[in-house]
Amino acid sequence: LEFVEAAPGMIVARISNAHAEATIALQGAHLMTFKPKGEADVIWMSPAAKLVVGKSIRGGVPVCWPWFGAHASESSFPAHGFARTVGWNVVDARPQPGGETQIVFELPASAMPKAQWPHACRVQLHINVGVKLTMDLVTDNTGDTAFPLGEALHTYFPISDVDNVRIAGLDGCTYRDKVTGMDLKQQSGDITIPSEVDRVYLDTEATCDIVDNGANRRIRIAKSGSRSTVVWNPWIEKAAKMGDFGSDTGYRTMLCVESANAVENVLTLAAGESHTLTVIYSNEAL
Ligand code: TA6
């Protein structure tokens, strides 16, 4: 484990062990890369991502917390919460008996703007770097009143091309379609990406597979403590507008499959309660 300054003010933890390599920015506890030894990258990072203090990074695993998307009532609050653009502390880092590396990040209370979040809590992200990547987002309500909790690990995965992939695991699930004004719809069969896709699948803890016939591989996304799965590809116009997807065709090589608690699945965390959202990402044989 070493810490390097990847850009002015942007400190990145670099992990390399017998199983895998990973890099994680302290800003946002934002995992940027994860590659099991001898295998392909499991995470997509935009070649045009800007590493700028206070700005979210395009790619990797943005931690959306304590709300997902727009804030429920205050449009001036930042999209996807404030956790992804502030510095987190490393509170523990140690090798595991099997050779994996565990690193624990904590969001400092001083980084939680009182005006946006007047609640007492502790938030940690535990990252385990092995053949698989495991991340636990742990929220403890340390106050004496309940609060609403929305969240997502907004993960970008690399794909050979949008035309070559399908997502298996959500057949029959209902979803909110953000492209058509949050209509409620039902999934039939696997998900394909023929145009812009921006959906919140509800009430599902299912494992999903990104099956990529162009790359001859399958990325497995297993999770717990997450009732929503978000699937997003911005397509050409929106990617061009955001301006940080690389080339004109950059959007074709990424797909977000996010493990979340969003919309109808926002949680209420009672005083003294703890909630953990866990994801496990791996390459699997096709
Ligand atoms: O998860 C999908 C989404 O909410 C989209 O609607 C899109 O805006 C995306 O996240 C990216 O958001 P960002 O704020 O990172 O540009």
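Residues numbered from 1 in each chain as written. Predicted model: local features only at pLDDT ≥ 70, side-chain atom pairs only at ≥ 80, totals over all residues.

A tally of helices and strands in the chain yields one helix and 22 strands. Taking 2.2 N^0.38 as the reference for a compact globule, 286 residues should give roughly 19 Å; the C-alpha atoms of the chain span a radius of gyration of 18 Å, in line with that estimate. Split into buried and exposed, the 286 residues of the chain put 40% on the buried side. Counted over contacts in the chain with a minimum sequence separation of 6, partners at least 24 positions apart contribute 65%. (Helix = DSSP H or I, 4+ residues; strand = E, 2+ residues; numbered from the N terminus. Rg over C-alpha atoms; globule rule 2.2 N^0.38 Å. Buried ≥ 20, exposed ≤ 12 C-beta atoms within 10 Å, placed from the backbone. Contact = placed C-beta atoms within 7 Å.)

Moving on, we get to the UniProt feature "active site" (unreviewed entry) in the chain. Per the UniProt record, "active site" (unreviewed entry) is found at H154 and E258. Taking the farthest pair of C-alpha atoms as the criterion, the annotated set spanning 105 residues converges on one region, since that pair is 4.6 Å apart. The topology assignment puts H154 in the loop between β11 (151-153) and β12 (156-158). Residues contacting H154, with those up to four places away along its chain left out, are V61, P62, C64, H80, C256 and E258. Assignment of secondary structure puts E258 in strand β20 (residues 254-261). Judged by the 26 C-beta atoms lying within 10 Å of it, E258 falls in the buried class. (UniProt positions renumbered as here; feature names shortened; annotations may be inferred.)

On to the environment of G272, then. Looking at where G272 falls in the secondary structure, it is placed in the loop between β21 (267-269) and β22 (274-284). For G272 and C121, which are 151 residues apart along the polypeptide, the C-alpha to C-alpha distance reads 9.2 Å.

As a further point, take the pairing of strand β19 (residues 228-233). Burial within β19 is extensive, with six of its six residues counted as buried. Alternating positions in β19 separate into two faces, S228, V230 and W232 on one and T229, V231 and N233 on the other, with burial throughout. With five bridges connecting them, β19 and β20 associate as antiparallel partners. Bridging across to β20, V230 finds its partner in E258. (Pairing = 2+ DSSP bridges.)

With that settled, the discussion passes to unusual backbone geometry. A cis amide bond links W65 to the next residue, P66, at an omega of 0 degrees. One non-glycine residue, H80, lies in positive phi territory at about 70 degrees. Relative to the helices and strands, H80 resides in the loop between β5 (63-64) and β6 (89-95). The phi dihedral of D203 falls on the positive side, at around 55 degrees, and the residue is not glycine. Position of D203 among the secondary structure elements: in the loop between β16 (197-201) and β17 (208-212).

I24, I43, V63, F157, V231, L255 and V257 are the most contacted members of the largest nonpolar core, which has 69 residues in total. No other element matches β20, which puts five residues into this core. (Core = buried A, V, L, I, M, F, W, Y, C linked by C-beta atoms within 7 Å.)

Taken in spatial order, the eight strands of this open sheet run β6-β7-β8-β9-β22-β18-β17-β13, and their pairing is antiparallel. Across the chains shown, the open sheet's two edge strands, defined by having one partner strand only, are β6 and β13 (165-168). Taken over all neighbouring pairs, the strand axes of this sheet differ in orientation by 15 degrees on average, direction set aside. As paired strands, strand β7 (residues 101-106) and strand β8 (residues 121-129) are joined by six bridges and run antiparallel to one another. Its bridge partner being in β8, Q102 is matched across the sheet by N128. (Axes fitted to C-alpha atoms, helices over the stretch in contact; angles between N-to-C directions.)

Looking now at the confidence of the model for the chain. Confidence along the chain averages 98 in pLDDT terms, with 100% of residues attaining 70 or more. Here the prediction assigns the complex a pTM of 0.98, and the interface score ipTM is 0.98. (pLDDT = per-residue confidence, 0-100.)

Taken together, S56, G69, A79, H80, H154, K178, D198, V230, W232, C256 and E258 are the residues near the ligand. When contributions to the shell around the ligand are tallied by element, the ones reaching two or more residues are β19 and β20. (Near = placed C-beta within 6 Å.)

Side-chain direction in a regular strand flips from residue to residue, so the side chains alternate between the two faces of the sheet. Of the pairings in the sheet, the one linking strand β1 (residues 2-7) to strand β2 (residues 10-16) comprises five bridges and is antiparallel in character. From the neighbouring strand, V4 faces β2, where its bridge partner is V12. Following β1, the chain reverses through two residues before pairing antiparallel with β2; G9 in that reversal takes a positive phi of roughly 80 degrees. Linking β2 to strand β3 (residues 20-25), which pair antiparallel, is a turn of three residues.

With that out of the way, let us pick up the sheet that holds β3. Taken in spatial order, the four strands of this open sheet run β1-β2-β3-β4, and their pairing is antiparallel. Of all the strands in the sheet, just β1 and β4 (30-36) have a single pairing partner and so form its edges. Within this sheet the neighbouring strands show an average axis-to-axis angle of 20 degrees, counted without direction. Strand direction decides the pairing type here: β3 and β4, joined by six bridges, are antiparallel. Within the sheet, the bridge partner assigned to A20 lies in β4 and is P36.

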